[in-house]
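Results of the structural survey
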Amino acid sequence: MSSPSKRREMDMMKLMMSDYKVETINDGMQEFYVEFNGPKDSLYQGGVWKIRVELPDAYPYKSPSVGFITKIYHPNVDELSGSVCLDVINQTWSPMFDLVNVFETFLPQLLLYPNPSDPLNGEAAALMMRDRPAYEQRVKEYCEKYAKPGEGSEDKSSDEELSEEEYGSDDEDDDDDDDDVAIAGKPDP
């Protein structure tokens, strides 16, 4: 079965030649990370996310597994696991598609056109439908906190939790830090 392995190598090279930063896991071509920039004219513009890609043995006949390592606030991305809900990748994958399609078309479309009626993050979907400005603010807060370019955004992964202070703070005011500590409580002696 050398055809899928040759195709895997070709698609990886094509992805790297398209100026994506690719970091292999365990020196193989089946699992790797890709640095993904938020699409222009979206709430995610300016953000940089680390995406984990896993290619099955049957790739390109079977779709790659794609997930956000860097935290992102989006109705169609599971906040804890980073799993992506994207029909083209998960259900309608075709060998005609390649890895560049995933990063130049599928993921940008996902971020540009979230679908709150088919959520993996129910809280984000509900907020998007109920209060669009609050949703947009939360997206921007996540981008600022987790997806800043060049600041080790991969260190802020999907399995980390926001502290009570980080989650609840809607304003940039740091004047009331003492109040936040009082609310959070103090450690036992």
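Residues numbered from 1 in each chain as written. Predicted model: local features only at pLDDT ≥ 70, side-chain atom pairs only at ≥ 80, totals over all residues. Heavy atoms only, no water.

By the naming in an unreviewed UniProt entry, the protein chain goes by E2 ubiquitin-conjugating enzyme and is assigned to Arabidopsis lyrata subsp. lyrata. The UniProt entry for the protein chain carries the following comment under Function (unreviewed entry): "Accepts the ubiquitin from the E1 complex and catalyzes its covalent attachment to other proteins." Within the UniProt record for the protein chain, the comment given under Sequence similarities (unreviewed entry) is "Belongs to the ubiquitin-conjugating enzyme family." (UniProt positions renumbered as here; feature names shortened; annotations may be inferred.)

**Topic: the sheet that holds strand β4 (residues 65-68)**
With antiparallel pairing, the four strands of this open sheet are ordered in space as β1-β2-β3-β4. Here the strands that pair on one side only, and so sit at the sheet edges, are β1 (22-24) and β4. Strand-to-strand twist across the sheet, computed as the mean angle between neighbouring axes with direction ignored, equals 25°. Packing of helix α3 (residues 99-112) onto the sheet brings it into contact with β2 (31-37), β3 (48-54) and β4, and relative to β2 it is tilted by some 50°. (Pairing = 2+ DSSP bridges. Helix = DSSP H or I, 4+ residues; strand = E, 2+ residues; numbered from the N terminus. Axes fitted to C-alpha atoms, helices over the stretch in contact; angles between N-to-C directions. Contact = heavy atoms within 4.5 Å.)

**A few points about the UniProt feature "active site" (unreviewed entry) in the protein chain**
Here the UniProt feature "active site" (unreviewed entry) sits at C85. In this fold, C85 is placed in the loop between β4 and α2 (87-90). Relative accessible area serves as the criterion here: at 18%, C85 is assigned to the buried category. Those residues in contact with C85 that lie beyond four places of it in its chain are N76, N90, L110, D118 and L120. (Buried < 20%, exposed > 50% of the residue type's maximum accessible area, 1.4 Å probe, protein only.)

**A short note on the pairing of β2**
Pairing geometry for β1 and β2, over three bridges, is antiparallel. When the sheet's bridge partners are listed, E23 is paired in β2 with Y33. The hairpin turn running from β1 into β2, its antiparallel successor, is six residues long, and N26 in that turn takes a positive phi close to 60°. Summarising the sheet, β2 and β3 pair through seven bridges and their orientation is antiparallel.

**What to know about the packing of aromatic side chains**
Tallied over the full model, the rule gives 10 aromatic pairs. With a centroid separation of 5.7 Å and 50° between ring planes, the pair formed by Y20 and F103 is classed as tilted. Highlighted residues: Y20 in the loop between α1 (2-17) and β1 and F103 in helix α3, separated in sequence by 83 residues. Here Y20 matches F103 in class, with each residue buried. Taken together through their ring pairs, the aromatic side chains of Y59, W93, F97 and F106 make up a single cluster. (Phe/Tyr/Trp six-rings, centres within 6.5 Å; stacked < 30°, edge-to-face > 60°.)

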